[in-house]
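This is what each chain is made of:
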Amino acid sequence: MKIFKSYQLKDYNTFGVKVIADSFAEINSAEDLIELLSSGVSSEILVLGSGSNILFRDSFVHTLVLKINIKGIKIIDENAYSVLIEAKSGEKWDDLVKYCVQRNYGGIENLSLIPGNVGAAPIQNIGAYGQELKDVFESLTAVRLDDGTKIHLTNEECKFDYRDSIFKRDLKNQVAITSVRLRLNKNPITNKNYGTINEELINCGIKNPTIKDISNVIRKIRTEKLPDPVKIGNAGSFFKNPVVDLKTFEMIKSKFTDLTSFKLEENKVKISAAWLIEKSGLKDFRVGNVGTYSKQPLVIVNYGNATGKEILSIAELIKQNVKKNFEVDLETEVNII
């Protein structure tokens, strides 16, 4: 395994920000990772997947960056009702979705076209259109960065929450995920009552959709609404949808009847961050090389040669305006390094 010095990471983050890593190595197997870590690493370590949910604020990172490229998808166990799939962390998430949809294994079809690698999915507890990773997640294998020892974590041990997990808290920057296991349904029930899925199905003349139909419709919706990071730098949704108490929700709703919201529990309501940003007058907003996407204000884009600090400055401006207008705090979904 070769370790490179002063390595440019522009092509390794979907914002396309120029940043130099002190050192860099590609990891192609769990064994290589364990060997490297077991030998002792003196510098701090940053584990990098596809770089689709990260913003480098500075032009230099004083770490050893490990790019995880471990590949493989296989069936571990199955019965008449379900199948246990293991995917290595370096696989593209959407490739795993395609693999499962083609075989009619249900449970992640609504997560179609989410960017990133499999290893990042548990960290974020990724979710979209009425599905979350935690609903099908069984376990994972990871390696501790301090000594190279292997650990296994169950669903419960990962402490999943809305776009959150133990990897953002107790185990933050302490492990590298090497594989993930998901339990999927061989007799899937489609989830079509979220957002505009059902409307799109009707437009396509589909009355009894398969999970492939659901996946195709979601791909269409996402392609029309979200920018392609290959064409324009972005990291998808920059902020989480905030969860507010009923009093706050009713206060906003009394002034804006078109508020987009999702009831969670008796006294909690999730409201649309995109709606809050748009109502703050920041849809298709731009300063220099940075702005919000014209079709989805939740996405901050790099129009050219923006620095991490410039992108972060726009993010802070958005947070300040939403706080001023609605007394709601936006929390970033993107990891700021």
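Rules used in this analysis
- Residues numbered from 1 in each chain as written.
- Predicted model: local features only at pLDDT ≥ 70, side-chain atom pairs only at ≥ 80, totals over all residues.
- Heavy atoms only, no water.
- Pairing = 2+ DSSP bridges.
- Helix = DSSP H or I, 4+ residues; strand = E, 2+ residues; numbered from the N terminus.
- Axes fitted to C-alpha atoms, helices over the stretch in contact; angles between N-to-C directions.
- Contact = heavy atoms within 4.5 Å.
- Core = buried A, V, L, I, M, F, W, Y, C linked by side-chain atoms within 4.5 Å.
- Buried < 20%, exposed > 50% of the residue type's maximum accessible area, 1.4 Å probe, protein only.
- 1 Å grid on protein atoms, 1.4 Å probe; cavity = no way out; pocket = protein on both sides within 12 Å on 5 of 7 lines; lining within 4 Å.
- Points joined across faces, edges and corners; volume = space filled by probe spheres on them.
- Nonpolar A, V, L, I, M, F, W, Y, C, P; charged D, E, K, R; others polar.
- Salt bridge = Lys/Arg side-chain N within 4 Å of Asp/Glu carboxyl O.
- Arc of directions from axis to C-beta.
- Parallel < 35°, antiparallel > 145°, perpendicular 65-115°, else oblique.
- Left-handed = near helix turned anticlockwise from the far one by under 90°.

S.K.: Describe in detail the sheet that holds strand S16 (residues 268-271), supporting the description with residues and values.
M.R.: The antiparallel open sheet is built from 3 strands, whose spatial order is S14-S16-S15. This sheet does not close on itself; its edge strands, each paired only once, are strand S14 (243-245) and strand S15 (261-265). Going across the sheet, the axis of each strand differs from the next one's by a mean of 35 degrees, ignoring polarity. Alignment of S15 against S16, held across 4 bridges, turns out to be antiparallel. Bridging from a neighbouring strand, Lys263 pairs with Val269 of S16. Helix H6 (residues 246-255) rests against S14, S15 and S16 of the sheet, and its axis sits at about 95 degrees to S14.

S.K.: A description of the nonpolar core should follow, citing residues and the corresponding values.
M.R.: Within the largest apolar cluster, 41 residues are counted, with the highest numbers of intra-cluster contacts made by Trp93, Leu96, Ile108, Leu140, Phe167, Leu182 and Leu184. The set of elements that each furnish at least two residues to this core consists of strand S7 (82-88), helix H2 (93-102), strand S10 (137-144), strand S11 (150-154), strand S12 (175-185), helix H4 (197-203) and helix H5 (211-225). The element best represented in this core is H2, accounting for 6 residues. Aside from chain neighbours lying at most four places away, what touches Phe167 is Pro122, Ile123, Leu140, Leu153, Cys158, Lys172, Asn173, Val175 and Ile177.

S.K.: Provide a residue-level description of the layout of surface pockets, including the pertinent values.
M.R.: Put simply, the second largest pocket is a space of about 150 Å³. Residue lining of the second largest pocket: 15 residues in total, with Val17, Lys18, Ala306, Thr307 and Gly308 positioned closest to the centre. The class makeup of the residues in the lining of the second largest pocket is 3 nonpolar, 7 polar and 5 charged.

S.K.: Residue-level account of unusual backbone geometry, with values.
M.R.: Positive phi, normally seen in glycine, also occurs at Tyr129, with a value near 50 degrees. Residue position: Tyr129 is located in the loop between strand S8 (127-128) and strand S9 (131-132). Positioned with a positive phi, Asn173 is a non-glycine residue whose angle comes to about 60 degrees. With respect to the helices and strands, Asn173 occurs in the loop between S11 and S12.

S.K.: Can you tell me about the pattern of salt bridges, naming the residues and giving the values?
M.R.: One pass over the full model with this rule turns up 21 salt bridges. Close ionic contact of Lys323 with Glu327 constitutes a salt bridge, the shortest N to O distance being 3.6 Å. Note on Glu327: relative accessible area 53%, which makes it exposed.

S.K.: Any details on the environment of Tyr303? Residues and values, ideally.
M.R.: As for its placement among the helices and strands, Tyr303 is situated in the loop between strand S19 (299-302) and helix H8 (308-326). Sequence-wise, Tyr303 and Ile232 are 71 residues apart; in three dimensions their C-alpha atoms are separated by 6.4 Å. Tyr303 has contacts with Ile232, Asp284, Arg286, Asn289, Val290, Gly291 and Thr292, leaving out every residue within four places of it along the chain.

S.K.: Explain helix H1 (residues 30-38) to me, and be specific about the residues and the numbers.
M.R.: Owing to its 3.6 residues per turn, the α-helix aligns residues three or four sequence positions apart on the same side. For H1, the full list of buried residues reads Ala30, Leu33, Leu36 and Leu37. The arc enclosing the buried residues of H1, seen along the axis, measures out at 130 degrees, which places them on a common side. With respect to the buried face of H1, the exposed residues turned more than 90 degrees away are Glu31 and Glu35. In this fold, the buried residues of H1 make contact with strand S2 (20-27), strand S3 (45-48), strand S5 (60-68), S10 and S12. Gly40 sits one or two positions beyond H1 and adopts a positive phi of about 95 degrees.

S.K.: I'd like a rundown of the packing of H2 against H5, residues and numbers included.
M.R.: Relative placement of two packed helices is described by the angle separating their axes and the distance separating the axes. Running from N to C, H2 and H5 cross one another at 150 degrees; their axes reach a closest spacing of 10 Å. Viewed along their axes, H2 and H5 adopt a mutual orientation that is roughly antiparallel. For the crossing formed where H2 meets H5, the hand is left-handed. Only Ile211, Lys212, Ser215 and Arg219 of H5 make contact with H2, whose side of the interface consists of Asp94, Val97, Lys98, Cys100 and Val101. A per-class count over the contact of H2 with H5 returns 4 nonpolar, 1 polar and 4 charged.

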